Amino acid sequence: MHYFSNKLKKNKNKLFFVTPKKEKLSYQEFNQKSVILASYLYSKNGSLKNKRVLLNMDRGINYFIVVVALIKLGAIIIPISNKLKLIEVNYIKKKYKPLIEINKIPFLKKKLSMTKELNNENSSRIIFFTSGTTGEPKGIQHKISKLFMSAIEFSKLSNYSKKDIVLHNWPHYYMAGFFNMFLCPMVSGSTIYFTNEIGVDTYLKYWSLLLKNKITKSYLSPTMAQAVINYSNYNKLPKNKKINTTIFSTGSYLYSNIYKNFKSIFEVYLKNCYGVTEAGASISLADKNESDLVGKLSKGIFIKLSKKKEIMIKSNYFFEGYLDNEGKLKRFNKKYFNSGDLGEKRKNSKYYIIGRNKEIIKKGGEQISLLKIENISLGFKNIKDVLAKGVKSEFWGEEVELDIVFKNQKKSIIKKINNNNKILLNKFLKYLSIKLTKIEMPKNISIVKHIPKTSIGKNYRKIF
C-alpha cells in the first residue's frame, strides 16, 4: 500500500507547509521533493529496505522530506535530537548500527529516474525514544503503516480537516512532533504552520502567535501550559479577541489545577488527549470539562482495568517491540499492554486516570500518590513549579520530599527551608496541612532554581 504517496498526491496543490519566513510548500511539491530525494538515496546507497538510517538533522521542513523519502524506500528510521553531543551520537551508532547517517538534505537540481525501490512504504519502520518517568531512553519500534492508520482514526476523533492550520512547535524527532503535528495534519489535508521549537519566546507570544497565523489546532504539554500561565502577566489575551484554536494537552498527566488555572486566566479550556506511545500515540480525547478523563477512544482501541487498577490497552496500532541493550528488537506479542497508568471506572461508566505506578510510593504500608501532591501544591498561588519524590526511610519505608520553585523567586534564595522565605513557606505548609492527610505531608521541602524536565516537559524522576 502506498499510504503516503496516495495522500500526498490526493491533496496536490493544497498548502502543506508554511513558515514565519513565508516559505510555502504544497502537498504536490513536498511529494515531488521526497521522490527526488528517495531516488538519489537509492542511487548512492542501494536498497534501504529494512535498513536502519540515523536521522540527525536540524529542525526544518527538509527533515520531513527526508522522513518521507526514507518511508518510500522502506527504511527503519531512527530520528534523534540534533542537540546531542558527539559522544551520545556515537553511542547510538554503536548500539543500533545504522547503515547510514543523514545530517542534511543534498541540493538536487533534477528529478532522477523512478525505480521500483520507491514502493516499499509498507516495509518502513520508525524508532522513537521515550524517557518515561525516569529519564532513561528506551527505543520503541513502530511500523509506519500502523501509525498512519492510527493517525487517521485520531484525526477523525479530533476533527482535523482541510481547513485546519496546525501549529508545529514541538521537537521534530519526538513522537508527538511526528504523529500529532505532522502525520495527523497530512492524512487530513491540513496545513502545518512550522515554527521554532517551543521555548520562552513562544510562551511570551503564544496568544499573538495563534491569532496572527489563524492557528486552529495547537498542542501544549501540561508543563508547557503551566509555563504559559506563569508568563500570563506578559502574555495576555487581547481584549475582544476570540481564540478559535483547539488546544490539546498531551505528553503527560494533566493536573486539575493546571487545567482550572488555564481556564480561569485565559477563558480557554485544554482538551486532554490520552496517549501511550506503545499503543499508537494519542488514542483518546476527553470531554472539555474534565482533566483526568481517559475520554472517547479512537476506533480500534480498547481498555480495561487490571486487578491492581492498572489501565490495560488493546490496540490495532501496537508497536512492534522494544530495542534491547544490544539494539536488537524484542517483539511485543501480548494481547493487552500494561500502560503503567492507574485508573478507576466511576458511576458514569467512564474511565479516569488517577496516577502512575512509578509515581506511587508506600509510606508505612499506605499508598501515596506523588502526582496528587504535585497537583495540590500547584494550587498554591505562589508556586511556579514542583517535584514530589519518594525517598527511602528506615522507619516508614518511603517518605515524600518536595522541591519547589516560587513565582518571582530571587536568585539568591537558598534551598534549605530554615534560611529564607520563612513566611511564605509557613503559609505553604499550612495550605498543605489542610489539603493533605498527615501521612501525605512531605518530610522536607527544598526551594530550588528549577525542576529538571525530560524533552517534552515531564518531571525528571530519579530513584532516590
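In this report, the structure presented in the accompanying data block is examined. The shown structure was predicted, so the numbers you read here are calculated from the model rather than taken from an experiment.

### Brief notes about the overall build of the chain
Along the backbone of the chain there are 13 helices and 27 strands. The burial tally for the chain puts 55% of its 464 residues in the buried class. Summarising the internal contacts of the chain: among those between residues at least 6 apart in sequence, 68% fall at separations of at least 24. Here the chain displays about 23,000 Å² of accessible surface, and carbon together with sulfur accounts for 49% of that area.

### Here we look at helix 4 (residues 86-96)
Listed as buried for helix 4 are Val 89, Ile 92, Lys 95 and Tyr 96. Buried residues along helix 4 cover an arc of 130° about the axis, so they all sit on one side. Exposed and oriented more than 90 degrees from the buried face of helix 4 are Leu 86, Ile 87, Tyr 91 and Lys 94. Residues of helix 4 that are buried in the fold lie against strand 3 (52-55), strand 4 (76-79), strand 5 (100-102), strand 6 (125-130), strand 7 (138-143) and strand 19 (321-323). At the C-terminal side of helix 4, Lys 97 shows a positive phi close to 50°.

### Some remarks on the pairing of strand 11 (residues 246-249)
Two elements, strand 10 (residues 217-220) and strand 11, share four bridges in a ladder whose sense is parallel. Bridge pairing in strand 11 places Tyr 219 opposite Phe 248. Following the backbone out of strand 10, through helix 9 (residues 222-230) and into the adjacent parallel strand 11, one traces a crossover that is right-handed. Relative to strand 12 (residues 270-272), strand 11 is paired through three bridges, and the arrangement is parallel. In the sheet register, Ile 247 faces strand 12, and the bridge partner there is Leu 270. Tracing the backbone out of strand 11, into helix 10 (residues 256-266) and back to the parallel element strand 12 gives a crossover that is right-handed.

### Description of the sheet that holds strand 26 (residues 397-406)
Spatially, the three strands line up as an open sheet ordered 25-26-27, and their pairing is mixed. Of all strands in the sheet, those with a lone pairing partner are strand 25 (383-393) and strand 27 (444-447), marking the two edges. The sheet shows a mean angle of 25° between the axes of neighbouring strands, taken without regard to direction. Where strand 25 lies against strand 26, ten bridges are found, and the strand directions are antiparallel. In the strand pairing of strand 26, Ser 393 is matched with Gly 397.

### Regarding the nonpolar core
Soluble globular proteins tend to pack their nonpolar side chains together in the buried interior. In this structure, Phe 182 and Phe 262 are the most contacted members of the largest nonpolar core, which totals 114 residues. Once you skip the residues sitting within four places of it in the chain, Phe 182 turns out to touch Phe 4, Phe 16, Phe 17, Phe 30, Phe 64, Val 68, His 168, Gly 177 and Ile 192. Formed by 17 residues, the second largest nonpolar core is a distinct cluster that contains Tyr 274, Val 294, Phe 319 and Tyr 351.

### Looking at the packing of aromatic side chains
Inspection of every chain in the model, using the stated rule, returns 30 aromatic pairs. Aromatic pair Phe 17 and Phe 182: ring centres 6.4 Å apart, planes at 25°, arrangement stacked. Of this pair, Phe 17 sits in strand 1 (residues 15-18) while Phe 182 sits in helix 6 (residues 175-188), and the two are 165 residues apart along the sequence. Comparing Phe 17 with Phe 182 shows no difference in burial state: the two are buried. Each ring, one from Trp 207 and one from Phe 266, has its centre 4.9 Å from the other, and the planes form 50°; the classification is tilted. Here Phe 266 lies in helix 10 and Trp 207 lies in helix 8 (residues 206-212), a separation of 59 residues in the sequence. For Trp 207, a relative accessible area of 0% puts it in the buried group.

### Things to note about helix 5 (residues 144-157)
Relative to the 20 Å expected for 14 residues at 1.5 Å per residue, helix 5 spans 20 Å between its end C-alpha atoms, a close match to the ideal helical length. Burial within helix 5 is extensive, with eleven of its 14 residues counted as buried. When helix 5 is considered as a whole, its buried residues turn out to be Ile 144, Ser 145, Leu 147, Phe 148, Ser 150, Ala 151, Ile 152, Glu 153, Phe 154, Ser 155 and Leu 157.

### A short note on the packing of helix 2 (residues 27-45) against helix 3 (residues 61-72)
Packed helices, taken two at a time, are described by the angle between their axes plus the distance between the axes. For the pair helix 2 and helix 3, the least separation of the axes is 8 Å and the interaxial angle reads 60°. Considering their axes alone, helix 2 and helix 3 lie oblique with respect to each other. In this structure, helix 2 crosses over helix 3, and the sense of that crossing is right-handed. Across the interface between the two elements, Phe 30, Asn 31, Lys 33, Ser 34, Val 35, Leu 37, Ala 38 and Leu 41 of helix 2 pack against Ile 61, Phe 64, Ile 65, Val 66, Val 68, Ala 69, Leu 70 and Lys 72 of helix 3. Split by residue class, the contact of helix 2 with helix 3 holds twelve nonpolar, two polar and two charged.

What counts, and at which threshold
Residues numbered from 1 in each chain as written. Predicted model: local features only at pLDDT ≥ 70, side-chain atom pairs only at ≥ 80, totals over all residues. Heavy atoms only, no water. Helix = DSSP H or I, 4+ residues; strand = E, 2+ residues; numbered from the N terminus. Buried < 20%, exposed > 50% of the residue type's maximum accessible area, 1.4 Å probe, protein only. Contact = heavy atoms within 4.5 Å. Areas by Shrake-Rupley, 256 points an atom, 1.4 Å probe, with all protein chains shown as cover. Arc of directions from axis to C-beta. Pairing = 2+ DSSP bridges. Right-handed = clockwise from strand over helix to strand, strands pointing away. Axes fitted to C-alpha atoms, helices over the stretch in contact; angles between N-to-C directions. Core = buried A, V, L, I, M, F, W, Y, C linked by side-chain atoms within 4.5 Å. Phe/Tyr/Trp six-rings, centres within 6.5 Å; stacked < 30°, edge-to-face > 60°. Expected span 1.5 Å × (residues − 1). Parallel < 35°, antiparallel > 145°, perpendicular 65-115°, else oblique. Left-handed = near helix turned anticlockwise from the far one by under 90°. Nonpolar A, V, L, I, M, F, W, Y, C, P; charged D, E, K, R; others polar.

Everything listed here is a matter of coordinates, which is why it stays silent on function.
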